[in-house]
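# Analysis of the macromolecular model
So the chains spell out like this:
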Amino acid sequence: MITGHTGLLCLLGSPVAHSVSPAMHNEAFAYHKLDYVYLAFDVSLERFDGVVEALTAMNVRGWNCTMPHKRRMYERVDVLSEEAQLIGAVNTVVQKDGVLTGYNTDGKGYMASVRDAGYDISGGKMTLLGAGGAAASIIAQAALDGVPRIDLLARKGKSWDAIQKVADRICRQTDCQVRLFELADLCQMKESIQESRILINASSVGMGPDLAGCLVPDESYFHRDLIVSDVIYNPRKTRLLQMAEKAGCSVFNGMYMLLYQGAYAFELWTGKKMPVDLVKEKYFRD
């Protein structure tokens, strides 16, 4: 029921029609009997600043940003959380009296998904493949959560300088050592993976339609005590996860990263816990 008191929360991005965020947040509002509605708005880069100004003027409580707006939102907020400052991107905004505070819940969502899968990686080494926003958010939160060493392998393309800056900030501002290598250096990839507790694919390689894609050449790169994770959740089991499972590794995908990043945003806006078990059952079943 929409009333004259109903508050708006929303998602800004392009494209957004596929997003499960409206379903999960509105389910959580109904559970807690909160008078809010969550909508998804397809917003172009050209119109983004105007939309943010309008939401601020209307005193909207908050919003999420997805691609391609996370870095631009980082530049627009008044206050940054610790993890958003490290990452250089914002996916969640909370507004109070015209002051915009920016957070990034993606990395927290990933680390919560690790715990949900039953693992503790705080004392082990992490190897991560990719240089985009997901990679930046994961390594920043992992460092804040106590992971002492992270090796990052990425293509030397347009995202290289940005991820290098994130790695440098993490090394300066936390106790975590982050090293960046070229993805083409397969000897380094094998060495990094062999030393690691967890391997994460934070790239889009392996997502449909290229279901055969995989950045790890073969099963010899894995060891039996390795956890292998993929931020991709469509398909549920990428070629990377299939290979790792065949090699005896524990595996999980990125489905619950999506759930938990939303749960953290929900709590920032409302002060209440998202009913994650209910949302899991309705919207995140295999």
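Figured I'd write up the structure that's included with this text.

Calculation criteria
- Residues numbered from 1 in each chain as written.
- Predicted model: local features only at pLDDT ≥ 70, side-chain atom pairs only at ≥ 80, totals over all residues.
- Heavy atoms only, no water.
- Phe/Tyr/Trp six-rings, centres within 6.5 Å; stacked < 30°, edge-to-face > 60°.
- Helix = DSSP H or I, 4+ residues; strand = E, 2+ residues; numbered from the N terminus.
- Buried < 20%, exposed > 50% of the residue type's maximum accessible area, 1.4 Å probe, protein only.
- Lys NZ or Arg CZ within 6 Å of the ring centre and 35° of its normal.
- Polar contact = N/O pair within 3.5 Å; in protein donor to acceptor, adjacent residues only side chain to side chain.
- Pairing = 2+ DSSP bridges.
- Contact = heavy atoms within 4.5 Å.
- Axes fitted to C-alpha atoms, helices over the stretch in contact; angles between N-to-C directions.
- Salt bridge = Lys/Arg side-chain N within 4 Å of Asp/Glu carboxyl O.
- Parallel < 35°, antiparallel > 145°, perpendicular 65-115°, else oblique.
- Left-handed = near helix turned anticlockwise from the far one by under 90°.
- Nonpolar A, V, L, I, M, F, W, Y, C, P; charged D, E, K, R; others polar.

Within this structure, the stated rule accounts for five aromatic pairs. Seen from their ring centres, Tyr110 and Phe252 are 6.2 Å apart, and the 25° between their planes marks the pair as stacked. With Tyr110 in helix H5 (residues 106–116) and Phe252 in strand E12 (residues 250–252), this pair connects stretches of sequence that are 142 residues apart. Taking the relative accessible area as the measure of exposure, Tyr110 reaches 1% and is therefore buried. Judged by its relative accessible area of 11%, Phe252 is buried. Among the aromatic residues, those joined into a ring-pair cluster are Phe29, Tyr36 and Phe266. Over the aromatic face of Tyr221 sits the side chain of Lys190, whose NZ or CZ is 4.8 Å from the ring centroid.

A word on the side chain of Asn91. In this fold, Asn91 is placed in the loop between helix H4 (82–87) and strand E5 (92–96). In this structure Asn91 comes out as buried when scored by relative accessible area, which is 3%. A polar side-chain atom of Asn91 sits 3.1 Å from a polar atom in the side chain of Asp106. For Asn91, the side chain forms a polar contact with the side chain of Gln261, separated by 3.4 Å.

A separate point is the sheet that holds strand E2 (residues 36–42). Strand pairing in a sheet relies on backbone hydrogen bonds, with the paired strands running either antiparallel or parallel. Strand order in the open sheet formed by six strands is E2-E1-E3-E5-E6-E4, and the pairing between neighbours is mixed. Two strands close off the open sheet at either side, each with one partner strand: E2 and strand E4 (79–80). Here E5 pairs with strand E6 (residues 99–103) via five bridges, running antiparallel. Considered in E6, the bridge of Gln95 is made with Leu100. Those strands touched by helix H2 (residues 45–57) are strand E1 (7–13), strand E3 (62–65), E5 and E6, and its axis lies near 170° from that of E1.

Moving on, we come to the side chain of Glu27. Position of Glu27 among the secondary structure elements: in helix H1 (residues 21–32). Not counting residues within four places of it along the chain, the set of residues in contact with Glu27 comprises Leu278, Lys282 and Tyr283.

Time to look at the sheet that holds E12. Sheet architecture is open: six strands sit in the order E9-E8-E7-E10-E11-E12, paired in parallel fashion. Because the sheet does not close on itself, it has two edges, and the strands there are strand E9 (177–182) and E12. Shown here is a sheet whose adjacent strand axes are inclined to one another by a mean of 15°, direction ignored. On top of the sheet, helix H7 (residues 160–173) reaches strand E8 (149–154) and E9; it is set at about 160° to E9, its chief contact.

Looking now at the pattern of salt bridges. Using the criterion set out here, one finds 12 salt bridges in the structure. For Asp116, the salt bridge is made with Lys280, and the minimal N-O distance between the two is 2.6 Å. With Asp116 in helix H5 and Lys280 in helix H11 (residues 276–283), the pair connects residues that are 164 residues apart, well separated along the chain. Among the charged side chains, a salt-bridge network with shared partners connects Asp49, Arg72, Glu75 and Arg76.

Here we take up the environment of Arg224. Note that Arg224 resides in the loop between strand E10 (198–201) and strand E11 (227–230). When the C-alpha atoms of Arg224 and Leu186 are compared, they prove to be 19 Å apart, with 38 residues separating the residues in sequence. Ignoring anything within four residues of it in the chain, the contact list for Arg224 reads Ala247, Gly248 and Cys249.

Another aspect to go through is the packing of H1 against H11. The N-to-C vectors of H1 and H11 enclose an angle of 135°; their axes lie 10 Å apart at closest approach. As the angle between them shows, H1 and H11 are arranged oblique. As H1 packs across H11, the resulting crossing turns out to be right-handed. For the pair formed by H1 and H11, the contact residues are Ala23, Met24, Glu27 and Tyr31 on the first element and Leu278, Val279, Lys282 and Tyr283 on the second. Class assignment of the residues belonging to the contact of H1 with H11 gives a composition of six nonpolar, no polar and two charged.

All quantities given are derived from atomic positions and should not be read as evidence of function.
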